[in-house]
Amino acid sequence: MTKHIGLRVLLVALVSRGLLGCNSSTDQVVVERLSEQVEVKSTPDVGSEVARAAIVKFDRDHDHLGAIESLAAYRTDAKLAMSDENNRSLFGLEIDLRNRSGFRQQANAAARQFAKYHRLDLSKLIGLTHPTRPMATFANKPDANDPDEVANYGLMSILYALQLHQEACDAIAAIEASTLHRTNDLELMSFYTWVLSICEQKPQLLQVLATLPDEVVQFPAYWLALGNLASKDSSLEISRQEISLLYLMALRQEPNHLLACRAAISATDDVQLVERLQRQLVAIQEIQSMVNDLVTGTANPLQVVPPLSRRLNESGRPLEALAWQLWYVTELSTNASQQATLCSAREQLLQVYPDGYDWEKIVGRDLQEQAKRIAVRIKSQANTRQQDVLRTPLPLNNEKSIAIRLDDVTEEAGVNFQWRNAATIVKKNFRLFEPLGGAAVILDFDRDGAPDLYLVQADGDPLQSDRRGQVQSDQLFQNVTQKMGSIRFRCLTLSTQENPTGLAESGYALGATAGDWNQDGWDDLVVANLNETVLMLNQTDGTFQKTRLHPPINGAADRAVIPLSMAIADLDGDGLSELIQLNYVNDTDVFAPITYRSN
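Residues numbered from 1 in each chain as written. Predicted model: local features only at pLDDT ≥ 70, side-chain atom pairs only at ≥ 80, totals over all residues. Heavy atoms only, no water.

The next point concerns the overall build of the protein chain. Helices and strands together make up the secondary structure of the protein chain, namely 21 helices and ten strands. In the protein chain, which comprises 599 residues, the share counted as buried stands at 49%. About 29,400 Å² of surface is accessible on the protein chain, with carbon and sulfur atoms providing 49% of the total. (Helix = DSSP H or I, 4+ residues; strand = E, 2+ residues; numbered from the N terminus. Buried < 20%, exposed > 50% of the residue type's maximum accessible area, 1.4 Å probe, protein only. Areas by Shrake-Rupley, 256 points an atom, 1.4 Å probe, with all protein chains shown as cover.)

Okay, the side chain of Gln163 next. Residue position: Gln163 is located in helix H9 (residues 155-164). Using a relative accessible area of 12% as the deciding quantity, one classes Gln163 as buried. In contact with Gln163, other than residues within four places in its own chain, are Phe191, Trp194, Ile198 and Leu259. (Contact = heavy atoms within 4.5 Å.)

The next point concerns the nonpolar core. Counting 81 residues, the largest nonpolar core has Leu159, Phe191, Trp223 and Ile378 as its most contacted members. Those residues in contact with Leu159, other than ones at most four positions away along the chain, are Ala171, Ala174, Ile175, Leu188 and Phe191. Within the second largest apolar cluster, 30 residues are counted, among which are Ala115, Ile287, Leu294 and Ala323. (Core = buried A, V, L, I, M, F, W, Y, C linked by side-chain atoms within 4.5 Å.)

Strand order across the open sheet formed by four strands is E1-E2-E3-E4, with antiparallel pairing between neighbours. Strands at the two margins of the open sheet, each flanked by one partner only, are strand E1 (440-443) and strand E4 (489-491). For this sheet, the mean inter-axis angle between neighbouring strands, taken without regard to orientation, is 20°. Strand direction decides the pairing type here: E1 and strand E2 (residues 452-455), joined by four bridges, are antiparallel. The residue bridging Val441 from the neighbouring strand is Tyr454, located in E2. (Pairing = 2+ DSSP bridges. Axes fitted to C-alpha atoms, helices over the stretch in contact; angles between N-to-C directions.)

With that settled, the discussion passes to a nonpolar patch on the surface. Residues Leu432, Leu436, Leu564, Leu582 and Tyr584 make up a contiguous nonpolar surface patch of roughly 420 Å² in combined accessible area. Position of Leu432 relative to the elements: it lies in the loop between helix H21 (368-391) and E1. (Patch = residues over 30% accessible without salt bridge, like charges linked within 9 Å, V, L, I, M, F, W, Y side chains within 5 Å. Salt bridge = Lys/Arg side-chain N within 4 Å of Asp/Glu carboxyl O.)

Looking now at the environment of Ala423. Tracing the backbone through its elements, the reader meets Ala423 in the loop between H21 and E1. Exposure remark for Ala423: the relative accessible area of 53% places this residue in the exposed category. Those residues in contact with Ala423 that sit more than four places away from it in its chain are Asp459 and Gly460.

On to the pattern of salt bridges. Under the definition given, this model contains 21 salt bridges. With a closest N to O distance of 2.4 Å, Arg311 and Glu286 form a salt bridge. Taken as a pair, Arg311 in helix H17 (residues 301-314) and Glu286 in helix H16 (residues 271-296) lie far apart in primary sequence, 25 residues in all. Judged by its relative accessible area of 18%, Arg311 falls in the buried class. The class for Glu286 is partly exposed, based on a relative accessible area of 35%. Between Arg420 and Asp459 there is a salt bridge, with its nearest N and O atoms 3.6 Å apart. Taken as a pair, Arg420 in the loop between H21 and E1 and Asp459 in the loop between E2 and strand E3 (475-479) lie far apart in primary sequence, 39 residues in all. For the pair shown, Arg420 and Asp459 are each scored as buried. Through salt bridges with shared partners, a single network forms among Arg75, Glu94 and Arg98.

We now examine unusual backbone geometry. Of note in the backbone geometry, Arg447 takes a positive phi value of approximately 55° without being a glycine. Tracing the sequence through the fold places Arg447 in the loop between E1 and E2.

To continue, consider the pairing of E3. Counting buried positions along E3 gives five out of five residues, so the element sits mostly inside the fold. Side chains of E3 alternate between two faces, with Gln475, Phe477 and Asn479 and Leu476 and Gln478 buried alike. Here E3 runs beside E4; their pairing, made up of three bridges, is antiparallel. Residue pairing for E4: Gln478 is matched across the bridge by Arg490.

Further remarks concern the confidence of the model for the protein chain. Taken as a whole, the protein chain shows an average pLDDT of 80; of its residues, 83% reach a score of 70 or greater. Mean pLDDT per element in the protein chain: helix H1 (residues 7-17) is the minimum at 31, and helix H6 (residues 104-114) is the maximum at 94. The low-confidence segment residues 1-47, where pLDDT is below 50, has 98 contacts with residues more than four positions distant or belonging to other chains. Here residues 494-498 scores under 50 on pLDDT; set against residues more than four positions off or in separate chains, the count is four contacts. (pLDDT = per-residue confidence, 0-100.)

Here we come to helix H10 (residues 168-177). Ala168, Ala171, Ile172, Ala174 and Ile175 are the residues of H10 that are buried. For H10, the angular spread of buried residues about the axis comes to 165°, placing them on one side. Buried residues along H10 sit against H9 and helix H11 (186-198). (Arc of directions from axis to C-beta.)

Taking strand neighbours across the sheet as the criterion, the four strands line up as E5-E6-E7-E8 in an open arrangement whose pairing is antiparallel. A single partner strand is all that each edge strand has here, and the edge strands are strand E5 (509-515) and strand E8 (544-548). With strand direction ignored, the average angle separating the axes of adjacent strands in the sheet is 20°. Bridge count between E5 and strand E6 (residues 524-529): six bridges; the pairing is antiparallel. If you follow Ala514 over to E6, its bridge partner there is Leu525.

Moving on, we get to the packing of helix H4 (residues 64-77) against helix H5 (residues 88-101). H5 packs onto H4 with a crossing angle of 155° between their chain directions and a minimal axis gap of 10 Å. Put simply, H4 runs roughly antiparallel to H5. In this structure, H4 crosses over H5, and the sense of that crossing is left-handed. The segment H4 lies against H5, with His64, Ala67, Ile68, Leu71, Ala72, Tyr74 and Arg75 engaging Leu90, Phe91, Leu93, Glu94, Leu97, Arg98 and Ser101. The residue inventory of the contact of H4 with H5, partitioned by class, reads nine nonpolar, two polar and three charged. (Parallel < 35°, antiparallel > 145°, perpendicular 65-115°, else oblique. Left-handed = near helix turned anticlockwise from the far one by under 90°. Nonpolar A, V, L, I, M, F, W, Y, C, P; charged D, E, K, R; others polar.)

Printed below as a string of structure tokens:
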């Protein structure tokens, strides 16, 4: 995407390249023709020096926040009403600038109010449909340290792109290094809490939560952060039902938020609520798919807008449904009577649904007050813990303190190992089992009193019928340390060496455990591979005997179990050990290669 030079360029770029891009010259022609019709009528003509100065500040000076604040200050000081047709272009410009600079939640909240009085152009409608996508296209992972990228796209656009790339921890670093961080902008700070919760940086998350003002409740990212924190910290004593309310509040703030909908489904035990949310999830996916078809030129407006409006209305979004119809008849039709009919229908709709949404259909009930009380409880505990930290006395000079230092001695200890999820390591766009990692087992297989290591390996294709010699095997590292302070291990299972232990296990492994399976006093091993579990009995002479607990499965339809971890214990007290295997999913589609649709 090229450097922003004005709202006309923005809309051409947004519609013809934005969100999901185009994939053929035909699509490009269709979409650019559509964008021309949209951009001409959405170009501001407010006759205001303030508006013109804001555009210059935004496009030429790259002072995105300054441009937005100047418009907001002007309309506030002048006490301009959004409902006044004379102010339509000014309010619309402010929404566009917020979208362009990445303040997506503020832009969408304003667009929902704007839609009560005026028609929405295509960029605003797309923004409502895809609330977590930046209004800019990045060919590669964006760099928040690149001043040109920040100037062109805005920090918030980059942050949303990083989150979409599953780079939440990079987003944290970008926020903390930014000057915007010091402004305490509420959308930025709510986004900050969200990515902190994703990366499980709990102390910092509690510190930030303790300082946030009450106004932050308007942002879905804040509620997602609270839900993530409460679901992972049992000491907060937030029930599953209450956690689901936190996620529902995120959906209440942004009705097309897929992540919020999915999180609410996973958090609740309420069968009726799950069914309602699953219907919402399907609706959001279908709505976004239809809009994608329109944007990419796969379908024309006549094919998309009628079914899109019906789906929006059925799923509790009548104002959005009407906004799409109004856009269609305004931009692509000259039928003035239809426009008047739709405007009249909008007035009637708002009498029934003052917000333009059927919240009962979307989230099930009025939950705002209860969710806010839960948030107050969490923030109160965050404040308490923060105060406890501040009250904890530092050790005096005459007090002894313990300094803990951990040194990385992996290389010098002779542990040369890397878990591989494929023959060529996959770093993003994973199949379900590829980012899970492998188990590390500590055992004393030779009973010399020194801990040995067993590290499982995956590598290659999990469905390959004969993997022996084709992939790297699991590795057993024998502890051969001779003196204190100089730890040494020796690898006994590299496939290129003689293998006296019998442990050249070449399955696609994720989980493993060690214990005395046969009560002979020697540690045995159990490895959970995709498709089969292997028991290796210690023969007490430095070798192992391998037994497959699940025979190799020949039919591809049966190759579906992903085992995550193993444990061995005497559960019933009869002196005999049981094996516990935790499986992730049972779905044959997990092994299918990643495919991409044109949009």
